[in-house]
Amino acid sequence: PPRSTLFPYTTLFRSHPITARALYDLGAIQYCRGENQQAALLLNEALNMSRTVLRENFGVLAQREQFALQGQVRRYLDAYLSATDGIPTRPAEVYRHLLAAKGAVTADQWLSRLERGRPELAPVAERLRGVGARLARASFATADGSRRESWLKEISNLTEQKERLEQELANKSAAFREQKQGAQLDPEALRALLPQDTALVDILEYAHSFPRKPDEKTRRRAELRAVAFVLRRDADIRRIELGPFEPIYQSMKAWHETYGAGQGSVDPGHDLRESIWKPLEPFLNGAKTVFVSPDGSFCSFPFAALPGSKPDTYLIEERNFVIVPVPQMLLQPHITRPDSKLAVQSGFDAPLLIGNVDFDAGSRTVPASALAARGEARDALFSPLPGSGKEVVEVGELYRHAFKREPITLTGTEASQQAVRTEAERHRWLHFATHGFSSVGVVTDHAKPARGGAKGNLIASVEEARGFHPDLLSGIALTGANRRAASGQRSSAGVDDGLLTALEVEQLDLSQTELVVLSACDTGLGRLAAGEGTLGLQRAFQIAGAKNVVASLWTIDDEATVALMRLFYHKLWDEKKPPAVALRFPQSEIGRASCR
């Protein structure tokens, strides 16, 4: 039917969030009646309208408000995926909405990061950086009962300052933002960018709702499911339903707990290969490299470690795997700041190596019982990592052998927060052999708003955004990180607290950084946000401009880490392999050794 027949009331409010919500409600009603085709048309229009609302408002919203807005749009996307399951709909048309929605906040923050290099925005960007650092220090401080009220007020004030500065930056650079965000997010354009022997697998967890049956008084509850879209340059886009997520999650959990080894007759690796990889495999013939864009629990799932087609082998021995958190960013060319000071830095090609950090610098003696294991909670104390000293020494030797130059190394008390912030922007390669942390138990955020409810619309979602910034939930431990926890004292303004948060990482200029290696446990983890993947260190370094980030999803053994890094940098520097190829060889070698 003509659009005017289906949507006669959209003339005055074509891009209004209330109209988008009305279209969603009408689509949901049609879906409950079993009218899937009509429901899909209404939900498609609701998504088109909400996309316009996002584009028009993202530039004037702070990041927390963007998360809230995006979380509500995900509700519309889930309903659309449900309605189009099982009816004749072009997968490319469905994927267009997923491409636009997935990682929209991350893509916007990346664009914001590009803008900050413009001279007219530099003063505001510098103030934003300072406020972000003060907010991070304040949020990780402690306060007793008498000071708690003033402490919370300080955090609230700093948060408001940060968001005002974000909005000021967005307003000052409206033309730049409009130009970038106005680009068409076309699935066919993305497919054409892929090399002939490459595939993109975009996975999403979504709440699949069920239409009401004639004999049912109420609609069945939604079920969490997984869906994948496969893009190849020489083939049509495919949609593959992976089914209910709960059994997949239980296999993931068992696989993670046993590091893929299984227990007795139980082989979660085999189950995962059957439930995840086998449905995808027919569409990946000839693909030597597989780009994977994960979502939800898939963000902590290493596809490359799945069992291979032969006994005692891994998938990484058959293909290259590269994680692409936000596929729409592939459509944006990487932009290097024209005025970047890095191009004339004489030591730019030297890597920055951080390891054997003195976490206790400046603090009283820390009892051994209080020390945290590598990669545990951010509010605990961090244990020494003597093996990391050997790691940076070996990486440094490999660099000297390949380039006949000296690396820059920060160890012991030299690996301070200020030193890392200063040096990080001056180097092509960054290597962190230290503790990472990720926690959701100390600060409260609303990165993943609850779905449903009477106020489930785009306007209310923004109004209800509260809490701390989600990027305060993860970071890197540096010199003196135990000082705050051991003394129970707050860090004063301008004083390092030893914790470099993801929020502070985002504000670095890493537009010239080719590779960041986070050689610590669980550095690939973080807070999950609807449609945004993991809000953690990986995302922060990418927003800062780094082209490639290597991080871990599991606990790391020191000796295995040193061996892996030795092989990785040999391939990267001596044999001049791309990062993804350079990483594949040591992973498969160490994997084969673990099988023997």
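Summing up its helical and strand segments, the protein has 20 helices and 17 strands in all. For the protein, the proportion of its 596 residues judged to be buried stands at 55%. Carbon and sulfur atoms form 52% of the exposed surface of the protein, whose accessible area is close to 25,200 Å².

Before going further, it helps to spend a moment on helix 5 (residues 91-101). The buried count for helix 5 comes to nine of eleven residues, which makes it a mostly enclosed element. Restricting attention to buried positions, one finds in helix 5 the residues Ala92, Val94, Tyr95, Arg96, His97, Leu98, Leu99, Ala100 and Ala101. Within two residues after helix 5, Gly103 carries a phi angle of roughly 70°, on the positive side.

Turning our attention to the packing of aromatic side chains. Under the criterion given, the structure shown has 19 aromatic pairs. With 6.1 Å between their ring centres and 40° between their planes, Phe245 and Tyr249 make a pair best called tilted. Placement of both Phe245 and Tyr249 in helix 11 (residues 245-257) is noted, with a separation of four residues, approximately one turn of the helix. Taken together, the aromatic side chains of Phe245, Tyr249, Trp255, Phe298, Phe301 and Phe303 make up a single cluster linked through ring pairs.

Leu77, Leu81, Tyr95, Leu200, Leu204, Phe229 and Leu231 are the most contacted members of the largest nonpolar core, which has 40 residues in total. Of all elements in the fold, only helix 2 (17-32), helix 3 (36-57), helix 4 (63-84), helix 5, strand 1 (198-208) and strand 2 (223-232) reach the threshold of two or more residues within this core. Ranked by size, the runner-up nonpolar core spans 31 residues in total, among them Val357, Leu499, Val505 and Ala544.

What follows deals with the sheet that holds strand 2. One open sheet holds the five strands; their spatial order is 3-2-1-4-5, and the pairing between them is mixed. In the strand order of this sheet, the two ends are held by strand 3 (235-244) and strand 5 (320-323), each with one partner. When the angles between neighbouring strand axes are averaged without regard to direction, this sheet yields 25°. Looking at chain direction, strand 4 (residues 289-293) and strand 5 are connected through four bridges and run parallel. When the bridges of strand 5 are listed, Val292 appears paired with Ile323. On top of the sheet, helix 12 (residues 268-280) reaches strand 1, strand 2, strand 3, strand 4 and strand 5; it is set at about 165° to strand 3, its chief contact.

Under the definition given, this model contains 18 salt bridges. One salt bridge in this structure joins Arg539 and Glu506, with 3.3 Å as the shortest N-O distance. In this pair, Arg539 is assigned in helix 18 (residues 537-544) and Glu506 in helix 17 (residues 502-506), connecting sequence segments 33 residues apart. Grouping residues by exposure puts Arg539 and Glu506 together as buried.

On to the sheet that holds strand 14 (residues 515-518), then. With respect to topology, five strands assemble into an open sheet ordered 9-6-10-14-17, the strand pairing being parallel. Since the sheet does not close on itself, it has two edges, and those belong to strand 9 (408-412) and strand 17 (548-550), each with one partner. With strand direction ignored, the average angle separating the axes of adjacent strands in the sheet is 10°. Sheet analysis places strand 14 next to strand 17, joined by three bridges and oriented parallel.

Among the eight residues in helix 18, seven count as buried, and that is most of the element. Within helix 18, the full set of buried residues consists of Leu537, Arg539, Ala540, Phe541, Gln542, Ile543 and Ala544. Count one or two residues on from helix 18 and you reach Gly545, which has phi positive near 120°.

Before going further, it helps to examine the side chain of Thr289. For Thr289, the location among the structural elements is in strand 4. Judged by relative accessible area, Thr289 falls into the buried class, the value being 15%. In contact with Thr289, not counting residues within four places along its chain, are Asp197, Thr198, Ala199, Asn320 and Val322.

Turning our eyes to something else, we now look at unusual backbone geometry. For Asn356, which is not glycine, the phi dihedral falls at a positive 50°. Backbone geometry places Lys576, a non-glycine residue, at a positive phi of 60°. Lys576 sits in the exposed class, given a relative accessible area of 55%.

Moving on, we get to the packing of helix 11 against helix 12. Look at helix 11 against helix 12: their axes get within 9 Å of each other, and the N-to-C directions meet at 145°. Helix 11 and helix 12 meet at a crossing whose hand is left-handed. Where helix 11 abuts helix 12, its residues Ile248, Ser251, Met252, Ala254 and Trp255 lie against Pro268, Gly269, Asp271, Leu272, Ser275 and Ile276. Residue composition of the contact of helix 11 with helix 12, by class: seven nonpolar, three polar and one charged.

Within the secondary structure, His97 is located in helix 5. For His97, the contacting residues outside a window of four places in its chain are Asn44, Leu47, Asn48, Leu77 and Tyr80.

As a packed pair, helix 13 (residues 386-403) and helix 19 (residues 558-574) sit with axes 10 Å apart at the nearest point and diverge in direction by 15°. Here helix 13 lies roughly parallel to helix 19, going by the angle between them. The hand of the helix 13/helix 19 crossing is right-handed. On helix 19, the residues touching Gly387, Lys390, Glu391, Glu394, Val395, Leu398, Tyr399, His401, Ala402 and Phe403 of helix 13 are Asp558, Glu559, Thr561, Val562, Met565, Arg566, Tyr569, His570, Trp573 and Asp574. Residues belonging to the contact of helix 13 with helix 19 are distributed by class as follows: nine nonpolar, four polar and seven charged.

Turning our attention to the confidence of the model for the protein. Any region with low pLDDT has predicted coordinates that should not be read closely. Averaged over every residue, the pLDDT of the protein is 76; the share at 70 or more is 69%. Counting contacts from residues 364-379, a segment whose pLDDT is below 50, to residues more than four positions away or on other chains yields 43 contacts. When the criterion is pLDDT under 50, residues 523-533 qualifies, and its contacts beyond four places in sequence or with other chains add up to 55 contacts.

As a further point, take the pairing of strand 6 (residues 352-357). Among the six residues that make up strand 6, five are buried, leaving the element largely enclosed by the rest of the structure. Inspection of the sheet shows strand 6 paired to strand 9 by five bridges, in the parallel sense. Counterpart to Val357 in the pairing with strand 9 is Gly412.

Rules of the game
Residues numbered from 1 in each chain as written. Predicted model: local features only at pLDDT ≥ 70, side-chain atom pairs only at ≥ 80, totals over all residues. Heavy atoms only, no water. Helix = DSSP H or I, 4+ residues; strand = E, 2+ residues; numbered from the N terminus. Buried < 20%, exposed > 50% of the residue type's maximum accessible area, 1.4 Å probe, protein only. Areas by Shrake-Rupley, 256 points an atom, 1.4 Å probe, with all protein chains shown as cover. Phe/Tyr/Trp six-rings, centres within 6.5 Å; stacked < 30°, edge-to-face > 60°. Core = buried A, V, L, I, M, F, W, Y, C linked by side-chain atoms within 4.5 Å. Pairing = 2+ DSSP bridges. Axes fitted to C-alpha atoms, helices over the stretch in contact; angles between N-to-C directions. Contact = heavy atoms within 4.5 Å. Salt bridge = Lys/Arg side-chain N within 4 Å of Asp/Glu carboxyl O. Left-handed = near helix turned anticlockwise from the far one by under 90°. Nonpolar A, V, L, I, M, F, W, Y, C, P; charged D, E, K, R; others polar. Parallel < 35°, antiparallel > 145°, perpendicular 65-115°, else oblique. pLDDT = per-residue confidence, 0-100.

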